[in-house]
Amino acid sequence: MSLLVVGLSHRSAPVSVLERASLAADTQAKLLQDTLAAEPATEAAVLATCNRIELYADVDKFHAGVAELSTLLAQHSGVGLEELTPYLYVHYEDRAVHHLFSVACGLDSMVVGEGQILGQIKDALARGQELHTAGRLLNDLFQQALRVGKRAHSETGIDRAGQSLVSFGLQQLAAGADPALWAGGKRALVIGAGSMSSLAAATLARTGVAEIVVANRTRARADRLVEILQQGDDTAVRARAVEMSAVGDELTRADIVVSCTGSTGLVLTADALADALGVTLDAAPEAPAVTAVAPAPDDVDQHAAWVENGSAASAAYAGPATPRRVTVPAQSTGPVRLALLDLAMPRDIDGAAHRIAGVRLVDIESLAEASADAPMAADVDRVRTIVSDEVAAFGAAQRAAHVAPTVVALRTMAADVVAGEIARLDGRLPDLDEKQRAEITQTVRRVVDKLLHAPTVRVKQLASEPGGAGYADALRELFDLDPQTVAAVSRADLNDPNRGRS
């Protein structure tokens, strides 16, 4: 079996496609269940964030796996397969491991080094475990990805290479000014009370806003977030919760709005924003659009090459990427009366808000554009080295684990042979006392252990090297081991309650 990931992200697809392809929690669960029911897959996990949707699976056939996973993503996202395919990337085996480890370290984020992705990877693993779609491979993979991400943040300065999406968004709203000076004394409205909204509220509080109003569909969650904000020792911000129906009134008093909900439609329309500011939407002329060139990842070409010729070799293609052009509406000019930060995917705030005089809008798409030219810290190279080393170690461990059940089955068979021969000896020499019998038993076991020691140690070493998967098969053939016995050892190991704990 082999690891396969098929997905799309802010690096391969425009925001408009990511918005339409976003998956609600219940849709993610259905996607996992349907993936497991598909013939090529035996395990599945989905990593869905505001800027990426990735389906991981353990498959026994590469081409069938890519076709099936691509089809399932299209079916559950509601975006047609023909439209979705050009934006999909494919990673296989070690490249798939390398991709997830890079994601975990923040190397593939809009803002390099942001740490929020670790929580999202943890959630993806928990979902797979809860639905029993994540087996041995994906449990090991995601657990290790979390460890690699934590290692990168603790051993390097990757945090200095970038910031959280919230902090970076506030920097963009401040338009070059010190965010603390810019936000100091302002009123902020936070729409949503999930993890990203909570992070936004905490960041705003530390930045020095005078008041934070939290609006959420579930009032209890808004109240809880307000309680947390008021308990903070490092801030003295005023905070209160309101119903979603009060958002319109709160807009008239707010200076900053941060929105991140799970809504599939707009939360703030351009008309509602114009009404709150007391202006007419059409009164502000639409500024000309700016076309920027953003780099596209190798994987776009890789997937296109796979679609074109269907060759397995194309999965390793890493040729030059084709830049994609992204059109971003220019902001209206003049003093800013209302600063909007939209961190949702699909978007919460109408993109036409940029046409309203006095409004500055920063959303996922504009953040991607702004971060494309952000300076990269030297520590990024150190993180890349960590990722490469960890990928090699993970591959070696997986190959060694593949042969372990065979070694256990071999030693079990040897123990059964020893037990059988000792039983026969008891029948032939019934007068042996317990001391003599114990000495003979120990001697026979020592002989068997010494004979098996060298080959079992060596086969583990060989199996951990690239291309070493066949040594387990050779061992089974040489010692005529029952495949069902080996499989039973594997199942027992997988069901170990202590497995995967960290």
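Structure's up top.
Note that this is a predicted model, so its numbers are computed, not measured.

Rules behind the numbers
- Residues numbered from 1 in each chain as written.
- Predicted model: local features only at pLDDT ≥ 70, side-chain atom pairs only at ≥ 80, totals over all residues.
- Heavy atoms only, no water.
- Pairing = 2+ DSSP bridges.
- Helix = DSSP H or I, 4+ residues; strand = E, 2+ residues; numbered from the N terminus.
- Axes fitted to C-alpha atoms, helices over the stretch in contact; angles between N-to-C directions.
- Contact = heavy atoms within 4.5 Å.
- Parallel < 35°, antiparallel > 145°, perpendicular 65-115°, else oblique.
- Left-handed = near helix turned anticlockwise from the far one by under 90°.
- Nonpolar A, V, L, I, M, F, W, Y, C, P; charged D, E, K, R; others polar.
- Buried < 20%, exposed > 50% of the residue type's maximum accessible area, 1.4 Å probe, protein only.
- Core = buried A, V, L, I, M, F, W, Y, C linked by side-chain atoms within 4.5 Å.
- Salt bridge = Lys/Arg side-chain N within 4 Å of Asp/Glu carboxyl O.
- Phe/Tyr/Trp six-rings, centres within 6.5 Å; stacked < 30°, edge-to-face > 60°.
- Polar contact = N/O pair within 3.5 Å; in protein donor to acceptor, adjacent residues only side chain to side chain.

## Notes on the sheet that holds strand E1 (residues 2-9)
Across a sheet, strands are paired by hydrogen bonds formed along the backbone, either parallel or antiparallel in direction.
Reasoning step 1: Strand order across the open sheet formed by four strands is E2-E3-E1-E4, with antiparallel pairing between neighbours. Only two strands of the sheet have a single neighbouring strand rather than two, namely strand E2 (41-49) and strand E4 (89-92). Direction aside, the axes of adjacent strands within the sheet are offset by 15° on average.
Reasoning step 2: Contacting E2 and strand E3 (52-59), helix H2 (residues 25-37) runs over the sheet at an angle of about 160° to E2.
Reasoning step 3: On top of the sheet, helix H5 (residues 94-104) reaches E1, E2, E3 and E4; it is set at about 115° to E4, its chief contact.

## As for the packing of H2 against helix H3 (residues 62-77)
The axes of two packed helices give the description: the angle between them and the distance between them.
Reasoning step 1: Contact geometry for H2 and H3: axes closest at 10 Å, N-to-C directions at 150°. In terms of orientation, H2 and H3 fall into the roughly antiparallel class. The crossing of H2 and H3 is right-handed. Where H2 approaches H3, its residues Thr27, Lys30, Leu31, Asp34 and Thr35 are matched on the opposing element by Leu69, Leu72, Leu73 and His76.
Reasoning step 2: Looking at side-chain class alone, the contact of H2 with H3 contains four nonpolar, three polar and two charged residues.

## A word on helix H9 (residues 165-174)
Residues spaced three or four apart along an α-helix point in a common direction, a consequence of the helix completing one turn every 3.6 residues.
Reasoning step 1: Among the ten residues of H9, seven are classified as buried, and the element is accordingly described as predominantly covered.
Reasoning step 2: Among the residues making up H9, those that are buried are Leu165, Val166, Phe168, Gly169, Leu170, Leu173 and Ala174.
Reasoning step 3: Remark: Ala175 follows H9 within two positions and exhibits a positive phi of approximately 50°.

## Quick word on the nonpolar core
Reasoning step 1: Core analysis: the largest hydrophobic core is formed by 70 residues, its most contacted members being Leu8, Leu204, Ile212, Ile256 and Leu343.
Reasoning step 2: Discounting residues that sit within four places of it in the chain, Ile256 has contacts with Leu173, Trp182, Ala183, Lys186, Arg187, Ala188, Leu189, Leu204, Val209, Leu338 and Ala339.
Reasoning step 3: Counting 35 residues, the second-largest nonpolar core is a separate cluster that includes Tyr56, Leu100, Ala104 and Ala124.

## Overview of the pattern of salt bridges
Reasoning step 1: Overall, the coordinates contain 21 salt bridges when judged by the stated rule.
Reasoning step 2: One salt bridge connects Glu250 with Arg240, and the closest N-O pair in it is separated by 3.0 Å. With a gap of ten residues between them, Glu250 in helix H13 (residues 247-251) and Arg240 in strand E7 (residues 238-242) connect regions that are remote in the sequence.
Reasoning step 3: Arg240 gets classed as partly exposed once you look at its relative accessible area, which sits at 29%.
Reasoning step 4: One salt-bridge network, held together by shared partners, links Arg187, Glu211, Arg240, Glu250 and Arg253.

## Observations concerning the sheet that holds strand E11 (residues 338-342)
Reasoning step 1: Pairing in this open sheet of six strands is parallel, and the strands run E7-E6-E5-E8-E11-E12 from one edge to the other. Only two strands of the sheet have a single neighbouring strand rather than two, namely E7 and strand E12 (359-362). Taken over all neighbouring pairs, the strand axes of this sheet differ in orientation by 15° on average, direction set aside.
Reasoning step 2: Bridge count between E11 and E12: four bridges; the pairing is parallel. Bridging from a neighbouring strand, Leu341 pairs with Val362 of E12.
Reasoning step 3: Contacting strand E5 (187-191), strand E6 (211-215) and strand E8 (256-259), helix H11 (residues 195-207) crosses the sheet at an angle of about 170° to E5.

## Regarding the packing of aromatic side chains
Reasoning step 1: The final tally for this structure, using the stated rule, is three aromatic pairs.
Reasoning step 2: Ring geometry for Phe101 versus Phe394: centroids 5.9 Å apart, planes at 80°, classification edge-to-face. Taken together, the residues span a long stretch of sequence, with Phe101 in helix H5 and Phe394 in helix H17 (residues 379-428) at a distance of 293 residues. Considered together, Phe101 and Phe394 belong to a single accessibility category, that of buried residues.

## Some thoughts on the environment of Ser12
Reasoning step 1: Turning to its location among the elements, Ser12 is positioned in the loop between E1 and helix H1 (15-21).
Reasoning step 2: The class of Ser12 is buried, set by a relative accessible area of 4%.
Reasoning step 3: Here the alpha-carbon distance between Ser12 and Tyr87, two residues 75 residues apart in the chain, equals 5.4 Å.
Reasoning step 4: Of the polar contacts made by the side chain of Ser12, one reaches the backbone oxygen of Tyr87; its length is 2.8 Å.

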